[in-house]
Amino acid sequence: MLILAFACLLYLVSLTHSIASNTVSLSQIQASFEGEDIKRHCPCASKSLCKPVQRHVDREVFGFLPPNPRKSWESFDFSQLSTIAWTTDPALMCYAHSMGARVTADGRQGLAEVLTDASKRSQWVFDAVQQAESLHLDGINFDFEDPTEPGSSLALGYSLTVKHAAEVFHRHIPGSQVSVDVPWSPYDVDGRNYDWAGLAAAADLLFVMSYDMQSQIYGRCIAAANSPAALVEKGLRQWLDLGVPRSKIVLGLPWYGYDYECQPDSTGRPMQPSDTVCHLAHVPFQGAPCSDAAGSQKGYLEIMEILRSGRNTTHMQMDSTEMSPFFNYEAKDGSIHQIWFDNPESLSVKYQMASDLNLRGVGIWNLDTLDYESSDPVIHHQTSEMWEALKIFSGRS
Ligand SMILES: *[C@@H]1O[C@H](CO)[C@@H](O)[C@H](O)[C@H]1NC(C)=O
């Protein structure tokens, strides 16, 4: 017992020493002892499954799974998937580890409140690494999205937090992965002007969110693609031009789309069922007069359901400029809506782009937008086609 307590103390000393310049309170020390107990408890069938994943993955397939997903993760294609972010379900952790996939924590909790205060930042990192250790996770994903001025203390505080977290995580969880979600372009998207060089240097991966790309519409206020291929490529080239290494870039893509209720045009003529141009309600965002906030997000499964229901008033068409599918449908209240989304065909173009640019990975927001349980062969096929398309990048065909 004495030896065990001594070992715990040694562990604590090493832990507290690593949390640079932070004072550690008695309650934290007690919390660490409790943390040690949790750490010893492995919920998996075999204790070895609680070990962090160590392998290096050349071609990352990085999927988000929000807390409390609807669908069964056992049906995910783990021959391709290498990281799952945000869900901490112990059963998923054991299963993912058995398949060699990393599970990384949701790093949003309480983050915004600590970024400009050095001692609060250290405390936050200390808590985060302890929690990750107790849940046997393989790292953390940062997703701070508040607007910031370039060079502000908030922007600098964010990159210092990620730097500190990367040091502490790598030391305490060998092989762990620290990733940061960044907008599709480094140039003032939604007012986000962070210290990109600092973040890129500190993190193992930058997950480039190449979606929600109509968040600031300065031109015509009409419905358009969530992830237009040419603009996706432009954004990626901007990241590369800033000096972010290819080996750190994950191209994040949407498994969802936007549903817009089409408004009358400027002459007051209402949207007709087969019109191509869908005028949006003017919803300003971050200085832009018009935004995708006029629509609502729908998952791929839900969108395919609308098409199957026969409520569509046009065929699904592929826009040849934006390389994305869209169609109109009549909503229950009789209004005409237009949906822009991504399907295996439009995603394939972008998976190929990631491969051509020799990026580290591709990513998915999010894995819970498909139906993994339906016995309907059509739905089953739609789900497997989405995973199949990923093989263009992962090469695991
Ligand atoms: C609705 O979509 C289905 C499936 O793509 C298609 O067969 C049908 O013709 C479409 N309806 C109209 C009115 O275009």
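Residues numbered from 1 in each chain as written. Predicted model: local features only at pLDDT ≥ 70, side-chain atom pairs only at ≥ 80, totals over all residues.

Student: Is there a simple way to think about the overall build of the protein in this case?
Tutor: Secondary structure assignment for the protein yields 10 helices and 13 strands. Put simply, the protein has 397 residues, and 43% of those count as buried. The contacts of the protein with a sequence gap of at least 6 include a subset with a gap of at least 24, amounting to 72%. (Helix = DSSP H or I, 4+ residues; strand = E, 2+ residues; numbered from the N terminus. Buried ≥ 20, exposed ≤ 12 C-beta atoms within 10 Å, placed from the backbone. Contact = placed C-beta atoms within 7 Å.)

Student: Before we go on, may I ask you to explain helix 7 (residues 229-241) in this structure?
Tutor: Note: α-helices contain 3.6 residues per turn, so residues at a spacing of three or four share the same orientation. End to end, helix 7 covers 18 Å across 13 residues, agreeing with the expected 18 Å (1.5 Å per residue, within 8%). Along helix 7, the residues that are buried comprise A229, V232, G235, L236 and W239. Seen from one end, helix 7 has its buried residues packed into an arc of 125 degrees, which puts them on one side. Every exposed residue of helix 7 that faces more than 90 degrees away from the buried side is listed here: K234, R237 and D241. Packed against the buried residues of helix 7 are strand 6 (205-209), strand 7 (249-254) and helix 9 (344-356). Two residues or fewer past helix 7, G243 is found with a positive phi of approximately 100 degrees. (Expected span 1.5 Å × (residues − 1). Arc of directions from axis to C-beta.)

Student: Any chance you could explain the sheet that holds strand 9 (residues 296-299) here in plain terms?
Tutor: Strands in a sheet are paired, the pairing made by backbone hydrogen bonds, and the direction either parallel or antiparallel. Strands sit in the order 9-8-12-11-10 across an open sheet of 5 strands; the sheet is antiparallel. What marks the edges here is a single partner per strand, and that holds for strand 9 and strand 10 (317-319). With direction set aside, neighbouring strand axes in the sheet form an average angle of 35 degrees. As paired elements, strand 10 and strand 11 (residues 324-330) share 3 bridges and run antiparallel to each other. Within the sheet, the bridge partner assigned to Q317 lies in strand 11 and is F326. Helix-sheet contacts for helix 8 (residues 300-309) involve strand 8 (256-261), strand 9, strand 11 and strand 12 (336-340), and the interaxial angle to strand 9 is about 85 degrees. (Pairing = 2+ DSSP bridges. Axes fitted to C-alpha atoms, helices over the stretch in contact; angles between N-to-C directions.)

Student: Honestly, the sheet that holds strand 2 (residues 83-85) in this entry has me stumped. Any pointers?
Tutor: If you walk around this closed barrel you meet the 8 strands as 1-2-3-4-5-6-7-13, and the pairing is parallel. For this sheet, the mean angle separating the axes of adjacent strands, direction not counted, is 25 degrees. Strand direction decides the pairing type here: strand 1 (residues 60-64) and strand 13 (residues 361-365), joined by 4 bridges, are parallel. Across the sheet, G63 pairs through a bridge with I364, a residue of strand 13. Across the sheet, helix 5 (residues 153-172) lies against strand 4 (139-142) and strand 5 (177-183), angled at about 155 degrees from strand 5, the strand it touches most.

Student: Is there a simple way to explain the packing of helix 7 against helix 9 in this structure?
Tutor: Two quantities define a packed helix pair, namely the angle between the helix axes and the distance between the axes. Running from amino to carboxyl end, helix 7 crosses helix 9 at an angle of 20 degrees, the nearest separation of the two axes being 10 Å. Accordingly, the angle class assigned to the pair helix 7 and helix 9 is roughly parallel. Where helix 7 crosses over helix 9, the two elements pack in a sense that is right-handed. On helix 9, the residues that touch A229, V232 and E233 of helix 7 are V349, K350 and M353. Here the residues of the contact of helix 7 with helix 9 sort into 4 nonpolar, no polar and 2 charged. (Parallel < 35°, antiparallel > 145°, perpendicular 65-115°, else oblique. Left-handed = near helix turned anticlockwise from the far one by under 90°. Nonpolar A, V, L, I, M, F, W, Y, C, P; charged D, E, K, R; others polar.)

Student: Explanation requested: helix 4 (residues 118-134) in the structure shown.
Tutor: The end-to-end C-alpha distance of helix 4, which contains 17 residues, comes to 25 Å, matching closely the 24 Å that a straight helix rising 1.5 Å per residue would cover. Those residues of helix 4 lying buried are R121, S122, W124, V125, F126, A128, V129, Q130 and A132. H136, located one to two residues past helix 4, shows a positive phi value of around 60 degrees.

Student: Where do I start with the pairing of strand 7 in this structure?
Tutor: As a general feature of sheets, a regular strand has side chains that alternate between the two faces. Counting buried positions along strand 7 yields 6 of 6 residues, so the element is predominantly enclosed. Residues of strand 7 alternate between two faces, with I249, L251 and L253 on one and V250, G252 and P254 on the opposite face, all of them buried. Note that strand 6 and strand 7 share 4 bridges and pair parallel. Bridge pairing links L206 to I249 in strand 7. The parallel pair strand 6 and strand 7, bridged by helix 7, forms a crossover whose chirality is right-handed. In this structure, strand 7 lies alongside strand 13, joined through 5 bridges in parallel fashion. Opposite V250, over in strand 13, you have G361 as the bridge partner. (Right-handed = clockwise from strand over helix to strand, strands pointing away.)

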